[in-house]
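So you can see what is in the structure, the chains are spelled out below.
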Amino acid sequence: MAESAEKPALRVVEAGSTPPLAGGSLKLKDLIDQVAEATGQKKPEAKRVIEATLTALGEALATGKSLAIPPLGKLRVVKNRGSALTLKLRLADGAKATGLALADDGEDD
């Protein structure tokens, strides 16, 4: 019988603290810049859209809804302790992540 792979060590993070990330962190300003560049939108318009999207996602998670958002993956709440949520993200596999669009071409016009 083959040995099972060791699980990575769990880290305890206090609410309100920022855990260190291996690749750094993506701040809202950076996200707005990237989306504006990728879509050709002006930054103020991209900011409104991104903030509305993040608000909707936050509200859905706060009420315990699971999210299925290609190409990101599936996200669900595993623990809810008031203002602190523990989430589990299952990344979309490569084929699904690159092949799925949220809307068909011309659908959002």
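The following paragraphs examine the structure supplied in this document. (Residues numbered from 1 in each chain as written. Predicted model: local features only at pLDDT ≥ 70, side-chain atom pairs only at ≥ 80, totals over all residues. Heavy atoms only, no water.)

### Quick look at a positive patch on the surface
Together, Lys-74, Arg-76, Lys-88 and Arg-90 line one region of the surface with positive charge. Mapped by element, the contributors of at least two residues to the positive patch are strand S2 (73-81) and strand S3 (84-91). Locating Arg-90 in the fold gives a position in strand S3. (Patch = residues over 30% accessible without salt bridge, like charges linked within 9 Å, V, L, I, M, F, W, Y side chains within 5 Å. Areas by Shrake-Rupley, 256 points an atom, 1.4 Å probe, with all protein chains shown as cover. Salt bridge = Lys/Arg side-chain N within 4 Å of Asp/Glu carboxyl O. Lys, Arg positive; Asp, Glu negative; His and termini not counted. Charge placed at Lys NZ, Arg CZ, Asp CG, Glu CD. Helix = DSSP H or I, 4+ residues; strand = E, 2+ residues; numbered from the N terminus.)

### Some thoughts on the pairing of S3
Pairing of S2 with S3, which is carried by 8 bridges, proceeds in the antiparallel orientation. Its bridge partner being in S3, Lys-74 is matched across the sheet by Arg-90. Where S2 folds back onto S3 in an antiparallel hairpin, the turn is made up of 2 residues, including Gly-82, whose phi is positive at roughly 70°. (Pairing = 2+ DSSP bridges.)

### A few points about helix H2 (residues 43-62)
Structural remark: α-helix, 3.6 residues per turn; residues separated by three or four positions point the same way. The first and last C-alpha atoms of H2 sit 28 Å apart over 20 residues, in line with the 28 Å expected at 1.5 Å per residue. Of the positions making up H2, those classed as buried are Ala-46, Ile-50, Ala-60 and Leu-61. End-on view of H2: buried residues confined to an arc of 95°, all on one side of the axis. Looking at H2, the residues exposed on the side facing more than 90 degrees away from the buried face are Pro-44, Arg-48 and Glu-59. (Expected span 1.5 Å × (residues − 1). Buried < 20%, exposed > 50% of the residue type's maximum accessible area, 1.4 Å probe, protein only. Arc of directions from axis to C-beta.)

### A closer look at the sheet that holds S2
Pairing within the open sheet is antiparallel, and its 3 strands lie in the order S1-S2-S3. Pairing within the sheet leaves two strands with one partner each, and these edge strands are strand S1 (67-69) and S3. Strand after strand, the sheet turns through a mean of 25° between neighbouring axes, direction not considered. H2 rests against S1, S2 and S3 of the sheet, and its axis sits at about 145° to S1. (Axes fitted to C-alpha atoms, helices over the stretch in contact; angles between N-to-C directions. Contact = heavy atoms within 4.5 Å.)

### A word on the pattern of salt bridges
A side chain with one charge can pair with a side chain of the opposite charge if their charged atoms come near. Inspection of the entire model under this criterion finds 2 salt bridges. Across the pair Asp-33 and Lys-29 runs a salt bridge, and its minimum N-O distance is 3.1 Å. With Asp-33 and Lys-29 both in helix H1 (residues 28-39) and 4 residues apart, this pair spans about one turn of that helix. Asp-33 is the salt-bridge partner of Lys-43, the closest N and O atoms lying 3.1 Å from each other.

### Describing the pairing of S2
The sheet contact formed by S1 and S2 spans 3 bridges and is antiparallel. What sits directly across from Ile-69, in S2, is Gly-73. Count of turn residues in the S1/S2 antiparallel hairpin: 3 residues.

### Topic: the environment of Ser-83
With respect to the element layout, Ser-83 can be found in the loop between S2 and S3. For Ser-83 and Ala-62, which are 21 residues apart along the polypeptide, the C-alpha to C-alpha distance reads 8.5 Å.

So, to be careful, I would describe these as geometric facts and stop short of saying anything about function.
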